[in-house]
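Structural characterization, general
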Amino acid sequence: MVLEDTITKAILDASHQYLKGLLNLDVAVVGGGPSGLTAAKYLAEKGLPVAVFERHLAFGGGTWGGGMGHPAIAIEKPADEILLDFGVELAPVEGTDMYTANSVEVPAKLAAGAMAAGAKIVTGVVVEDVVLRKDMVTGVVINGYAIEKAGLHIDPLALTAKYVVDATGHEASVTNILARKNPELGINIPGEKSMWAEDGEKSLVDNTREVYPGLFVTGMAANAVYGGYRMGAIFGGMFLSGKKCADEILKKLNRP
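Conventions and cut-offs
Residues numbered from 1 in each chain as written. Predicted model: local features only at pLDDT ≥ 70, side-chain atom pairs only at ≥ 80, totals over all residues. Heavy atoms only, no water. Helix = DSSP H or I, 4+ residues; strand = E, 2+ residues; numbered from the N terminus. Salt bridge = Lys/Arg side-chain N within 4 Å of Asp/Glu carboxyl O. Buried < 20%, exposed > 50% of the residue type's maximum accessible area, 1.4 Å probe, protein only. Core = buried A, V, L, I, M, F, W, Y, C linked by side-chain atoms within 4.5 Å. Contact = heavy atoms within 4.5 Å.

Moving on, we get to the environment of Leu43. Positionally, Leu43 belongs in helix α2 (residues 34–44). Taking the C-alpha atoms as reference points, Leu43 and Ile249, 206 residues apart in sequence, are found 8.1 Å from one another.

Another aspect to go through is the pattern of salt bridges. Per the counting criterion, the structure on display carries 13 salt bridges. Its salt-bridge partner being Arg55, residue Glu148 comes within 3.7 Å of it at the nearest N-O pair. Residue Glu148 is located in helix α5 (residues 145–150), and its partner Arg55 is located in the loop between β2 (50–54) and β3 (72–76); the two are separated by 93 residues in the primary sequence. Residue class for Arg55 comes out partly exposed when judged on its relative accessible area of 24%. A network of salt bridges, in which partner residues are shared, links Lys41, Glu45 and Asp85.

Residues Leu43, Val50, Leu83, Val106, Val165, Phe239 and Ile249 are the most contacted members of the largest nonpolar core, which totals 42 residues. With six residues, the single largest contributor to this core is helix α9 (residues 236–252). Ignoring anything within four residues of it in the chain, the contact list for Ile249 reads Val27, Leu43, Tyr163, Val165 and Phe216. In this structure, Leu22, Leu159, Ile189 and Val217 belong to the second largest nonpolar core, which totals 30 residues.

Put into structure tokens, the structure is as follows:
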């Protein structure tokens, strides 16, 4: 076999094996931002089959850009405990309960931590719908992001999951899809409010919950669904939200 054939076969074999492992998930996390990756890590380390679906080729959401392109984000206690668990280096801000962290290190270590715990991360894949059975979300409908961007009429594939997590940020795209396609469910999504960092950080965690049977919202998607304030470049609530989401799902699955 010539080298080119060997390369192609190796890639196809490995890819098919990897993708077949996504067919029956306990949790499908939609969005590879800070809350989604945090949730994935704490779910996967309990031995659950977990996959993160990210439409872009890079995970991390808005973390990479820090604050207006500056390479740092801010967090407050007690979110520091979560980042330390991922091995992120924190710098205390004198006279406050705040820390800064490097905006490149954070998403890199979040993804590495989630994968080390056993979670799978799939990039370049968009979740264009959910699977609905007996008044419960039971999976995700996926397609290639490039296919979506090109506007090609190509049918998607579906994957089964006991729980789906909408971690798609400001768009809350999964919950919006469910509400738009199924108006009889009566799901109203007001969208996020303007910036109020203190209130936004708190409400982000409070709004992290099961929005419909089988569908949880976390991160900025939670504030978008329940009308919370945005926070800007302070990310502590994102990590706390992801951890709370994981804890709530573990309770549902009787996996303390």
